[in-house]
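# Notes for the structure review
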Amino acid sequence: MYLTFYGLSEKPFNTTPDPRFLYMSPGHQEALAQLLYGVQERKGFMVLTGKVGTGKTTLLNALRHRLNGQTAISFVFNSTLPFDGILEYVLADFGIANGEASGARRLIALNNFLIERERTGANTVLILDEAQNLDPSTLEQIRLLSNFETPTNKLLQILLVGQPELKAKLHLPELQQLKQRIGLRCQIPPLTSGEARQYIRTRLRIAGASDLDVFTDPAVNRITEYSGGIPRLFNIVGDHCLLFGYADQKRRIDRQTVVQAIEYLEEGTRPQRKVSRLRGLKARLFSRWGVGVS
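Each chain carries its own residue numbering, running from 1 in the written order of its sequence. A pLDDT threshold of at least 70 governs which residues receive local features in this predicted model, and a stricter bar of 80 or more applies before side-chain atom pairs are shown or counted, although totals over entire chains, interfaces and linings include all residues. Only hydrogens and water are removed before side-chain values are computed, so all heavy atoms of the structure are retained for them.

### Observations regarding the overall build of the protein
Only DSSP runs of H or I covering at least 4 residues are called helices, and only runs of E covering at least 2 are called strands; the numbering of each starts at the N terminus. Along the protein, the regular secondary structure elements total 12 helices and 5 strands. Residue burial is assigned from relative accessible area. The probe radius is 1.4 Å, only protein chains are included, and a residue is buried under 20% of its type maximum, exposed over 50%, and partly exposed in between. A total of 294 residues make up the protein; the buried ones form 47% of that total.

### A word on the sheet that holds strand β4 (residues 157-162)
Think of it this way: DSSP has to see at least two bridges between two strands before they count as a pair. One open sheet holds the 5 strands; their spatial order is β2-β3-β4-β1-β5, and the pairing between them is parallel. At either margin of the open sheet sits one strand with a lone partner, and together these are β2 (71-76) and β5 (182-188). Averaged over all adjacent pairs, the angle separating strand axes in this sheet is 15°, with direction ignored. Bridge analysis of β2 against strand β3 (residues 123-128) gives 6 bridges, and the strand direction is parallel. Counterpart to threonine 71 in the pairing with β3 is asparagine 123. Its contacts with the sheet place helix α4 (residues 103-119) against β2 and β3, and it is angled at close to 135° to β3. Note on geometry: axes are lines fitted to C-alpha atoms, helical ones only across the stretch in contact, with angles between N-to-C directions running from 0 to 180 degrees. The contact definition used throughout considers only heavy atoms, calling two residues in contact when any of these lie within 4.5 Å.

### Overview of the pairing of β3
Burial analysis of β3 places 6 of its 6 residues in the buried class, which makes it a mostly covered element. Burial along β3 is two-sided: the residues Asn123, Val125 and Ile127 and Thr124, Leu126 and Leu128 are all buried. Sheet topology note: the β3/β4 ladder contains 4 bridges and is parallel. Bridge pairing in β4 places leucine 128 opposite leucine 160. The definition of a right-handed crossover adopted here requires that, viewed with the strands pointing away, the path from the first strand over the helix to the second runs clockwise. The parallel pair β3 and β4, bridged by helix α5 (residues 136-145), forms a crossover whose chirality is right-handed.

### A closer look at the side chain of lysine 56
Structurally, lysine 56 can be placed in helix α2 (residues 56-66). Counted charges follow a simple rule, with Lys and Arg positive, Asp and Glu negative, and His plus the chain ends left uncounted. For this document, the term salt bridge refers to a Lys or Arg side-chain nitrogen within 4 Å of an Asp or Glu carboxyl oxygen. Glutamate 130 provides the closest opposite charge to the buried, unpaired lysine 56, separated from it by 5.6 Å. Polar contact criterion, stated in full: a pair of N or O atoms within 3.5 Å, where within protein one must be able to donate a hydrogen and the other to accept it, and residues adjacent in sequence count only if both atoms are side-chain atoms. Within the local environment of lysine 56, its side chain forms a polar contact with the backbone oxygen of glycine 50, the two atoms lying 3.0 Å apart. Reaching out from lysine 56, the side chain makes a polar contact with the backbone oxygen of lysine 51 at a distance of 3.1 Å.

### Considerations on the packing of aromatic side chains
Think of it this way: a Phe, Tyr or Trp ring, Trp meaning its six-membered ring, pairs with another when their centres are within 6.5 Å, and the plane angle makes it stacked under 30 degrees, edge-to-face over 60, tilted otherwise. With the rule as written, the count across this model stands at 9 aromatic pairs. Taking the centre distance of 4.9 Å and the plane angle of 90° together, the rings of phenylalanine 5 and tyrosine 6 count as edge-to-face. Here phenylalanine 5 and tyrosine 6 have matching classes, each one buried. We note arginine 251 situated over the ring of phenylalanine 5; from NZ or CZ to the ring centre the distance is 3.8 Å. Two conditions define a charge located above a ring, namely a distance within 6 Å from the ring centre to NZ of Lys or CZ of Arg, and an angle within 35 degrees of the ring normal.

### Some details on helix α1 (residues 26-40)
Every helix has an expected span of 1.5 Å times one less than the residues it contains. If you check α1, its first and last C-alpha atoms are 21 Å apart, about what 15 residues at 1.5 Å a residue would give, namely 21 Å. Of the positions making up α1, those classed as buried are Gly27, His28, Ala31, Leu32, Leu35, Leu36, Gly38 and Val39. Taken end-on, α1 shows its buried residues confined to a sector of 165°, consistent with a single buried face. Pointing more than 90 degrees away from the buried face of α1 are the exposed residues Pro26 and Gln40. Residues of α1 that are buried in the fold lie against β1 (45-50), α2, β3, β4 and β5. In the segment just after α1, arginine 42 is the residue with positive phi, at about 55°. By construction, the arc corresponds to the directions joining the helix axis to the C-beta atoms.

### Topic: the packing of α1 against α2
Remark: α1 packs on α2, axes separated minimally by 10 Å, with the N-to-C direction vectors making an angle of 45°. Here α1 lies oblique to α2, going by the angle between them. Both α1 and α2 take part in a crossing whose hand is right-handed. Between α1, through His28, Ala31, Leu32, Leu35 and Leu36, and α2, the contact on the second element is made entirely by Leu59, Leu63 and Arg66. For this scheme, ten residues count as nonpolar: Ala, Val, Leu, Ile, Met, Phe, Trp, Tyr, Cys and Pro. Four count as charged, namely Asp, Glu, Lys and Arg, and the remainder, Gly too, count as polar. Of the residues contributing to the contact of α1 with α2, the split by class is 6 nonpolar, 1 polar and 1 charged. The cut-offs work like this: below 35 degrees is roughly parallel, past 145 is roughly antiparallel, 65 to 115 is roughly perpendicular, and the gaps in between are oblique. Each crossing gets its hand from how the near helix is turned against the far one by less than a right angle, where anticlockwise is left-handed and clockwise is right-handed.

### Section: the pairing of β4
Remark: a regular strand shows side chains that alternate across the two faces of the sheet. Burial within β4 is extensive, with 6 of its 6 residues counted as buried. Across the two faces of β4 the burial is the same, with Gln157, Leu159 and Val161 and Ile158, Leu160 and Gly162 all buried. Bridge analysis of β1 against β4 gives 5 bridges, and the strand direction is parallel. Residue pairing in the sheet places threonine 49 in a bridge with glycine 162 of β4.

### What to know about α2
Within α2, burial applies to Lys56, Thr58, Leu59, Leu60, Asn61, Ala62 and Leu63. Each element contacted by the buried residues of α2 is listed here: α1, β1, β2, β3, β4 and β5.

### Some words on the environment of leucine 242
Among the structural elements, leucine 242 can be located in helix α10 (residues 231-247). Considered as a pair, leucine 242 and arginine 252 are 10 residues apart in the sequence and their alpha carbons are 9.2 Å apart. Excluding anything up to four places from it in sequence, leucine 242 contacts Tyr2, Tyr6, Leu8, Pro12, Phe13, Val214, Phe215 and Ile253.

So, to be careful, I would describe these as geometric facts and stop short of saying anything about function.
Pasting the structure below:
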């Protein structure tokens, strides 16, 4: 809808974790550098934490892209799986035949796979996203996977990724052995006001914009204030701002447009004097799909 009006080749504020749009704030740079170091130096257990929407999954996609072809990666998204389900998922990710019915045989198959990769100098990484949802018994069984090792190297690098609640869970008495094995910890902080400006400009640039000052400073300040520096909320508000700006034919997104976009997100309504313009925009959109506007 608004791409041509703002000179964009694609939407700049999609909420999907596309690593092309990763803005490397100092916090993101530090976290990515630590994770690369932890994997390459075979630190065993690593932990990455950050609030919801700070870009953890996008950073993980960037990590996967940066690791060389000698690194096999299993990325487990579903943190509600029991340990047996996680193990089955990991074997499938690594392309290990897992027709054996027993858990013991599956562990033997994984161990043999890891030993063979170590023999050829290759590395292996297991990433567990949303790890704060894993129950202590499952985390304890995952800890036992770190027993796959040689006298000099960890055969499997395990990265636990989650919200700040993960740090609290790792302090549970029954997880003391896991806590002691963590060789590296890092976190992603929310964006500051200055970083927020660069975040928006970076995403506009990657989306093809020649004008990177579409959002005025007061507009950016209001988005930062509302979002608390969380990139996912930047994307949601930013997309609505461009839609409303297009409806009003505004080349610059000002603070008032941001206020209206936030009001719409929070309440589902917009100031009445603007409604007719937005309805006209909806009508043009829906007419392409052959549906009416109520």
